Amino acid sequence: MAKRLLPTLNRVLIEKIVPPSKTSGGILLPEKLNKLNSGKVVAVGPGARDRDGKLIPVSVKEGDTVLLPEYGGATVNLGEKEYHLYRDDDILGTLHD
Amino acid sequence: MAKRLLPTLNRVLIEKIVPPSKTSGGILLPEKLNKLNSGKVVAVGPGARDRDGKLIPVSVKEGDTVLLPEYGGATVNLGEKEYHLYRDDDILGTLHD
Amino acid sequence: MAKRLLPTLNRVLIEKIVPPSKTSGGILLPEKLNKLNSGKVVAVGPGARDRDGKLIPVSVKEGDTVLLPEYGGATVNLGEKEYHLYRDDDILGTLHD
Amino acid sequence: MAKRLLPTLNRVLIEKIVPPSKTSGGILLPEKLNKLNSGKVVAVGPGARDRDGKLIPVSVKEGDTVLLPEYGGATVNLGEKEYHLYRDDDILGTLHD
Amino acid sequence: MAKRLLPTLNRVLIEKIVPPSKTSGGILLPEKLNKLNSGKVVAVGPGARDRDGKLIPVSVKEGDTVLLPEYGGATVNLGEKEYHLYRDDDILGTLHD
Amino acid sequence: MAKRLLPTLNRVLIEKIVPPSKTSGGILLPEKLNKLNSGKVVAVGPGARDRDGKLIPVSVKEGDTVLLPEYGGATVNLGEKEYHLYRDDDILGTLHD
Amino acid sequence: MAKRLLPTLNRVLIEKIVPPSKTSGGILLPEKLNKLNSGKVVAVGPGARDRDGKLIPVSVKEGDTVLLPEYGGATVNLGEKEYHLYRDDDILGTLHD
């Protein structure tokens, strides 16, 4: 049975986006187009605390598509799915069409 | 005779959850499902102090099921049971059904 | 399909300027003149947060031509173009004619 | 002649508790039960100073039984007894029956 | 075509002073007299930001002759001239006749 | 001619106490009793400055007998005597009979 | 022509005192008496800035005789004389007869 994870502090739970290696028509895509390391935000923590104990809200929100750094992040297996935990400030940006 | 430990600062005393390797019906579970490194919060400290000496309360509470980092934590034997001490900010998140 | 990236915090998205190796008249330029590591600012984040959680605005803006450090920066491929992400305080200066 | 030590800052003077290796009836105890690294607080310093120069009181007090980290602490010989000095924040918790 | 560089933060653009190896009368100068690592300030940034986001002005100004540290600084080629970028606090002092 | 040293900041000038290796009656003392690394405070600095530039007074005073760490401290020869300089927060405690 | 150096921040310009190896009567002095690493303060900077941008004045002044650390300091040649630059907080104390 899959459990739900609520991240602590400024941690962000990410489901990585596996880029399609073929187009919908079956044509193989060149590797360069697949290289973007991105993911979907599944859950965010309440934020880190500043030096006065106040919460600094996380800069991304559930549902955002984000650009991830090449290294870092902790792998978490919930049920049969693999997720990754990143600190908010390790997320490089949000991706938009 | 078992002693009771009250953690200092933002330390959290954890009893690790040993995942069942078989279902209740005796079927062996695949290793992937067992890999979640989780524990039950047994006791929490009063919190770390911010730069003005005020206590920052710990973000988890007794009874919470938490996701733990792969490394870190200090092993503590109280009576015949093994516990682990983590800093509050090393706990990755809380787990819910 | 190319995606648009909105950088987080004080990150700056840069498109590097490839210096021409020949003049418009076809004369080869000496290598020394080509060595300036510069780029065009494509997008900037909202700024890093100071110790009170307030945003410190980024010191460069979209369209600026900037001098980049020799090392550092993360490569990002969006569509068929290569971009680079730098922290605002790693940018050495702005270039003007 | 034994001297008395008043620790500075947030230092805590500890007399380690040597666990009995036999019960009072003479039965050898298994090693696991002996492993708890604990001590008695003999003296505490006035506390460390925060960034405004105010004293942050030490979180343990004379007479407390405390759980100590596996490593660290400075050995001090006063008279014929061996003591250990720890920083307040290195003490893992207080032990209660 | 030479570009003009406006340094960011507390960066200072320096044109190094090459000490004459002969006097104006053609006499070779001993090496010891040449060893002073100095430069002319060409441009200064607006200053670094303190923890409240306020600018701390740079301590040297355009036209100052400054003593530079033996190591450090980034080389920048603008047009056909070589310049060096230093952080304000790496500059050792100002030189006066 | 011996000079007098006024330490800067939170530095403390110490004259180490060489423990007697014999009692006044000539009996050799066991080495364990000699091991205490202690000294007499000869002079103290005005204190370190906190982040607002205010002086934080040194916690020991001239004439105190102090317990010193096993390592650290700078040796200073004034006249024919050897002294040691320690930072106030490296002093482990004050010793009292 | 000798230049004058005004140190930046909390830097202090020092002319080292070379201890006489003989008395004025020509008697060789034992090495121990010569070992004191001291200097004369030639110029001081305006002070480092605290976190609010205010200047923290330097704790030594022109003309002071100071005790220097065994290592550190940058050598500066002005005219034919050798000087040394130290940070104010690296100076161990002031020496008085």
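Residues numbered from 1 in each chain as written. Chains lettered and ligands numbered in written order. Predicted model: local features only at pLDDT ≥ 70, side-chain atom pairs only at ≥ 80, totals over all residues. Heavy atoms only, no water.

Trainee: Explain the overall build of chain A to me, and be specific about the residues and the numbers.
Mentor: Counting its secondary structure elements, chain A contains 1 helix and 9 strands. Going residue by residue from the N terminus, the α and β elements of chain A occur as β-β-α-β-β-β-β-β-β-β. Within chain A, buried positions represent 42% of all 97 residues. In chain A, of all internal contacts separated by at least 6 residues, the share reaching a separation of at least 24 is 64%. Approximately 5,400 Å² of chain A is accessible, and the part contributed by carbon and sulfur atoms is 53%. (Helix = DSSP H or I, 4+ residues; strand = E, 2+ residues; numbered from the N terminus. Buried < 20%, exposed > 50% of the residue type's maximum accessible area, 1.4 Å probe, protein only. Contact = heavy atoms within 4.5 Å. Areas by Shrake-Rupley, 256 points an atom, 1.4 Å probe, with all protein chains shown as cover.)

Trainee: Run through the environment of A43 of chain G, naming residues and quoting values.
Mentor: Mapped onto the elements, A43 of chain G comes out in strand β3 (residues 38-44). Measuring from C-alpha to C-alpha, the distance between A43 of chain G and R11 of chain G comes to 8.7 Å, with 32 residues separating the pair along the chain.

Trainee: Tell me about the pattern of salt bridges, and please be specific about residues and values.
Mentor: Side chains that carry opposite charge are capable of pairing whenever their charged atoms lie near each other. For the structure on display, the rule yields 21 salt bridges over all chains. Among the ionic pairs, D97 of chain E bridges to K3 of chain G, the shortest N-O distance being 2.8 Å. Remark: K3 of chain G occurs in the segment before β1 (4-7) and D97 of chain E occurs in the segment after β9 (93-96); the pair is interchain, linking two chains. (Salt bridge = Lys/Arg side-chain N within 4 Å of Asp/Glu carboxyl O.)

Trainee: Quick rundown of the environment of V18 of chain B? Include the residues and the values.
Mentor: Within the secondary structure, V18 of chain B is located in the loop between β2 (11-16) and α1 (31-34). Of the residues examined, V18 of chain B reaches a relative accessible area of 73% and is grouped as exposed.

Trainee: Please set out the pairing of strand β1 (residues 4-7) of chain E residue by residue, giving values where relevant.
Mentor: Covered by surrounding structure in β1 of chain E are L5 and P7 of chain E only, the residues R4 and L6 of chain E on the alternate face being uncovered. Looking at chain direction, strand β9 (residues 93-96) of chain C and β1 of chain E are connected through 4 bridges and run antiparallel. By the bridge assignment, H96 of chain C is partnered in β1 of chain E with R4 of chain E. (Pairing = 2+ DSSP bridges.)

Trainee: Please provide a residue-by-residue account of the sheet that holds strand β1 (residues 4-7) of chain D, values included.
Mentor: Overall, antiparallel pairing links the 7 strands, which are arranged β1(D)-β9(F)-β6(F)-β3(F)-β2(F)-β8(F)-β7(F) in an open sheet. In the strand order of this sheet, the two ends are held by β1 of chain D together with β7 (74-78) of chain F, each with one partner. For this sheet, the mean inter-axis angle between neighbouring strands, taken without regard to orientation, is 45°. Where strand β6 (residues 65-67) of chain F and strand β9 (residues 93-96) of chain F come together, 2 bridges link them in antiparallel fashion. When the bridges of β9 of chain F are listed, V66 of chain F appears paired with T94 of chain F. (Axes fitted to C-alpha atoms, helices over the stretch in contact; angles between N-to-C directions.)

Trainee: So what's going on with the interface of chain A and chain B? Which residues, and what values?
Mentor: Opposite the 20 residues of chain A that make contact, chain B presents 20 residues. Summing the contributions of chain A and of chain B, the shared interface buries around 1,800 Å²; its carbon and sulfur component is 55%. For chain A, the biggest contributors to the area lost against chain B are K3, R51 and N77 of chain A; these three give 28% of the whole. Taken together, the connections running from chain A to chain B amount to 7 residue pairs in polar contact (both at pLDDT 80 or more). Classifying every residue of the side of chain A that touches chain B gives 8 nonpolar, 4 polar and 8 charged. (Buried area = accessible area lost by both parts, 1.4 Å probe. Polar contact = N/O pair within 3.5 Å; in protein donor to acceptor, adjacent residues only side chain to side chain. Nonpolar A, V, L, I, M, F, W, Y, C, P; charged D, E, K, R; others polar.)

Trainee: So what about unusual backbone geometry? Which residues, and what values?
Mentor: Among all residues except glycine, the phi angle is most often negative; among peptide bonds, the trans geometry is most common. Residue and element names in this part refer to chain E. In this model, L9 sits at a positive phi of 50°, which is unusual for a non-glycine residue. Secondary-structure assignment places L9 in the loop between β1 and β2 (11-16). With relative accessibility at 18%, the residue L9 sits in the buried group.

Trainee: Which residues make up the sheet that holds strand β6 (residues 65-67) of chain E, and what values go with them?
Mentor: Judged by pairing direction, the sheet is antiparallel, and its 7 strands sit side by side in the order β7(E)-β8(E)-β2(E)-β3(E)-β6(E)-β9(E)-β1(G) without closing on themselves. Among the strands making up the open sheet, the edge pair consists of β7 (74-78) of chain E together with β1 of chain G. Looking at each pair of strands side by side, their axes are set apart by 45° on average, direction ignored.

Trainee: Could you give an account of the side chain of T65 of chain C, with specific residues and numbers?
Mentor: All names here are of chain C. If you trace the backbone, T65 turns up in strand β6 (residues 65-67). Look at T65 and you get buried, because its relative accessible area is 13%. Of note is the side chain of T65, whose polar atom sits 3.3 Å from the side chain of K40.

Trainee: How would you summarise the pairing of strand β3 (residues 38-44) of chain D if you had to cite specific residues and measurements?
Mentor: On a regular strand, each side chain points to the face opposite its neighbour's, so the side chains alternate between the two faces of the sheet. Residues and elements named next belong to chain D. In terms of strand pairing, strand β2 (residues 11-16) meets β3 through 5 bridges, oriented antiparallel. Within β3, the position partnered with L13 by the bridge is A43. Of the strand pairs in this sheet, β3 and strand β6 (residues 65-67) are connected by 3 bridges, and their pairing is antiparallel. Looking at β6, one finds that G39 is bridged to V66.

Trainee: So what's going on with the environment of D89 of chain D? Which residues, and what values?
Mentor: Residues and elements named next belong to chain D. With respect to the element layout, D89 can be found in the loop between β8 (81-87) and β9 (93-96). In this structure D89 comes out as partly exposed when scored by relative accessible area, which is 35%. Sequence separation between D89 and N10 is 79 residues; the distance between their C-alpha atoms is 8.2 Å.

Trainee: Could you give an account of the side chain of T8 of chain C, with specific residues and numbers?
Mentor: Along the chain, the position of T8 of chain C falls in the loop between β1 (4-7) and β2 (11-16). At a separation of 2.8 Å, a polar atom in the side chain of T8 of chain C contacts the side chain of R11 of chain C. Once residues within four sequence positions are removed from consideration, T8 of chain C is found in contact with S59, I91, L92 and G93 of chain A together with G45 and P46 of chain C.

Take it as geometry only, folks, not as evidence of what the structure does.
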